[in-house]
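A look at the structure
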Amino acid sequence: QVELIETGGGLARVGDSLRLSCVVAQRPSRFYAMGWFRQAPGKEREFVAGIRLIGGGIKYAYLASGRFTISGSDEEGALFLQMTNLNPDDTDRYYCAARTMDATVVPTLQSGYAYWGQGTQVTVSS
């Protein structure tokens, strides 16, 4: 039973920084790629950033480019998202995702990931 556990969310003010972490409690095999998505109530879950842990490669959504940095390690079984210059539009629940099948590029669709965490809430106030 794969378990992804996100931490690091919370309350922030405009311009603040937060660092999200995702720890893999159990996994059946190596993770080829992991990613961060976010979702607000009543909205579609959207891609934020992803990383190929084996093979290399990082991709950011436009909303994250220049402000967020994704990092991770297959050996450590961990994924991080450093978020800077936060604004109220970043208020969402953030989800960690992982896949154990190889991919030639970083998946940006939800269907590209088989395993998901429960999410951690980020709330940015002005």
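Before any of the text, the structure's been laid out above.
Another point: the sheet that holds strand β3 (residues 18–26). A sheet is described by the order of its strands in space; here 4 strands give the open sequence β1-β3-β8-β7, paired in antiparallel fashion. A strand with exactly one partner marks an edge of an open sheet, and here the two such strands are β1 (3–7) and β7 (68–73). Between one strand axis and the next, the sheet turns through 15° on average, direction left out of account. With 6 bridges connecting them, β7 and strand β8 (residues 78–83) associate as antiparallel partners. Looking at β8, one finds that I70 is bridged to L81.

Before going further, it helps to spend a moment on the environment of E6. Within the secondary structure layout, E6 lies in strand β1. Overall, E6 belongs to the buried group, its relative accessible area being 9%. Between the alpha carbons of E6 and A97 there is a distance of 9.9 Å; along the sequence they are 91 residues apart. Discounting chain neighbours no more than four positions away, the residues touching E6 are S21, C22, W36, Y94, Y95, C96, G117, Q118, G119 and T120. Within the structure, E6 has its side chain in polar contact with the backbone nitrogen of Q118 (distance 3.1 Å).

According to the stated counting rule, one finds 7 salt bridges in the structure shown. When the shortest N-O distance is used, the salt bridge between E46 and R38 registers 2.8 Å. With a relative accessible area of 32%, E46 lands in the partly exposed category. Of the residues examined, R38 reaches a relative accessible area of 5% and is grouped as buried. Between D102 and R52 there is a salt bridge; the shortest N-O distance is 3.6 Å. Here D102 is found in the loop between β9 (92–99) and β10 (115–116), whereas its partner R52 is found in strand β5 (residues 46–52), with 50 residues between them in sequence. A relative accessible area of 15% means that R52 is categorised as buried. One connected set of salt bridges, linked through shared partners, spans R38, E46, R67, D90 and D92.

A word on the nonpolar core. Counting 26 residues, the largest nonpolar core has M34, W36, L81 and M83 as its most contacted members. Contributing elements (two or more residues each) for this core: β3, β4 (33–39), β5, β7, β8, β9 and β11 (120–125). Apart from residues no more than four positions distant in its own chain, L81 is found in contact with L18, R19, L20, W36, V48, A49, F68, T69, I70 and Y94. Counting 6 residues, the second-largest nonpolar core is a separate cluster that includes F37, F47, A97 and V106.

Each value, and the rule that gives it
- Residues numbered from 1 in each chain as written.
- Predicted model: local features only at pLDDT ≥ 70, side-chain atom pairs only at ≥ 80, totals over all residues.
- Heavy atoms only, no water.
- Pairing = 2+ DSSP bridges.
- Helix = DSSP H or I, 4+ residues; strand = E, 2+ residues; numbered from the N terminus.
- Axes fitted to C-alpha atoms, helices over the stretch in contact; angles between N-to-C directions.
- Buried < 20%, exposed > 50% of the residue type's maximum accessible area, 1.4 Å probe, protein only.
- Contact = heavy atoms within 4.5 Å.
- Polar contact = N/O pair within 3.5 Å; in protein donor to acceptor, adjacent residues only side chain to side chain.
- Salt bridge = Lys/Arg side-chain N within 4 Å of Asp/Glu carboxyl O.
- Core = buried A, V, L, I, M, F, W, Y, C linked by side-chain atoms within 4.5 Å.

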